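Coordinates in review
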Amino acid sequence: MKDTTKTIIIGVTITILVLILVIFILYKSDSKKLKDENTTNKNNYNNTTPPIKTDNNSNNETSNNENNSPSNNTEVNTTIKDDEKNSKIILYLFHGNTCPACNNAINKIKENRNTTFKNVEIRTFEVRKNKDNSELYKKVTDKLKVNVNSIPYFVIGDYNRVGFNAEVLLKEYKKALNNKDYKDIVSEVIKENKDLKPVYKTI
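Predicted model, so just to flag it, every value in this text is computed and none were measured. (Residues numbered from 1 in each chain as written. Predicted model: local features only at pLDDT ≥ 70, side-chain atom pairs only at ≥ 80, totals over all residues. Heavy atoms only, no water.)

**A short note on the pairing of strand 2 (residues 90–95)**
- With six of its six residues buried, strand 2 lies for the most part within the structure.
- Here strand 2 shows a buried face lined by Ile90, Tyr92 and Phe94 and a second buried face lined by Leu91, Leu93 and His95.
- Judged from the six bridges that link them, strand 2 and strand 3 (residues 121–126) form a sheet pairing that is parallel. Bridge pairing in strand 3 places Phe94 opposite Phe125.
- Assessed by its sense of winding, the connection that carries the chain from strand 2 through helix 2 (residues 100–111) to strand 3 is right-handed. (Buried < 20%, exposed > 50% of the residue type's maximum accessible area, 1.4 Å probe, protein only. Helix = DSSP H or I, 4+ residues; strand = E, 2+ residues; numbered from the N terminus. Pairing = 2+ DSSP bridges. Right-handed = clockwise from strand over helix to strand, strands pointing away.)

See below:
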């Protein structure tokens, strides 16, 4: 009787140890699988976010909303008067610090900041070094339903274009000023994606 009891106890003990070992192995396996999935998801995000290209032909670029836009050298006849100024209407520029076309656009705006662009609210987002700005750029183009992956990229309300053209941008800005149904798409995207922390600069 004692031998039988002893055998049962040993059997139960071995069974418990085996169960503990199996549970431990399964736990380790699940942990490794979860880690691999997280790594895969991260890699997939990086792979599905293509590098933003420089638009080297911005002088000849046409808008996504308008064909036959004037060239970059067209004389600027449109102006925003002092009494038309409205800080709620914003010209957004997505650019890269190492993008020649972007730097050229920014320099031209700065050169005419007190004249042509005097009463225009301008905010710039650098997209090559700032991940959140880059993600904002992607989400804005998605919301506008345009297949764009180039800079400099300008947005005014729901109007957007690749390439700098002062006359075209000012005309669209003026239209936005007179549009009662104006919607700030960039601002909407930021509000919809609270996890994003984009950083902008004003010119």
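Having put the structure on the table, let's press on.
**Here's the deal with the pattern of salt bridges**
- Evaluated as defined, the whole model comprises seven salt bridges.
- Of the charged contacts, one joins Glu172 and Lys175 as a salt bridge, the two residues approaching to 3.3 Å between their closest N and O atoms. Taken together, the positions of Glu172 and Lys175, both in helix 4 (residues 166–177) and three residues apart, correspond to about one turn of that helix.
- Since its relative accessible area comes to 11%, Glu172 is described here as buried.
- Relative accessible area serves as the criterion here: at 52%, Lys175 is assigned to the exposed category.
- Each member of the salt-bridge network shares a partner with another, and the members are Lys143, Glu188 and Glu192. (Salt bridge = Lys/Arg side-chain N within 4 Å of Asp/Glu carboxyl O.)

**Considering a nonpolar patch on the surface**
- There is a patch of nonpolar side chains on the surface, built from Ile8, Val12, Ile16, Leu17 and Ile20 and spanning about 470 Å² of accessible area.
- Position of Ile8 among the secondary structure elements: in helix 1 (residues 2–48). (Patch = residues over 30% accessible without salt bridge, like charges linked within 9 Å, V, L, I, M, F, W, Y side chains within 5 Å. Areas by Shrake-Rupley, 256 points an atom, 1.4 Å probe, with all protein chains shown as cover.)

**Points about unusual backbone geometry**
- Geometrically, the link from Ile151 to Pro152 is a cis peptide bond, its omega value of 0 degrees lying close to zero.
- Along the polypeptide, Pro152 turns up in the loop between strand 4 (150–151) and strand 5 (153–156).
- Even without a glycine there, the phi angle at Lys145 is positive, about 60 degrees.
- With respect to the element layout, Lys145 can be found in the loop between helix 3 (131–144) and strand 4.
- Looking at Lys145, the relative accessible area reads 76%, which means it is exposed.

Limitation: the analysis is restricted to geometry and does not speak to function.
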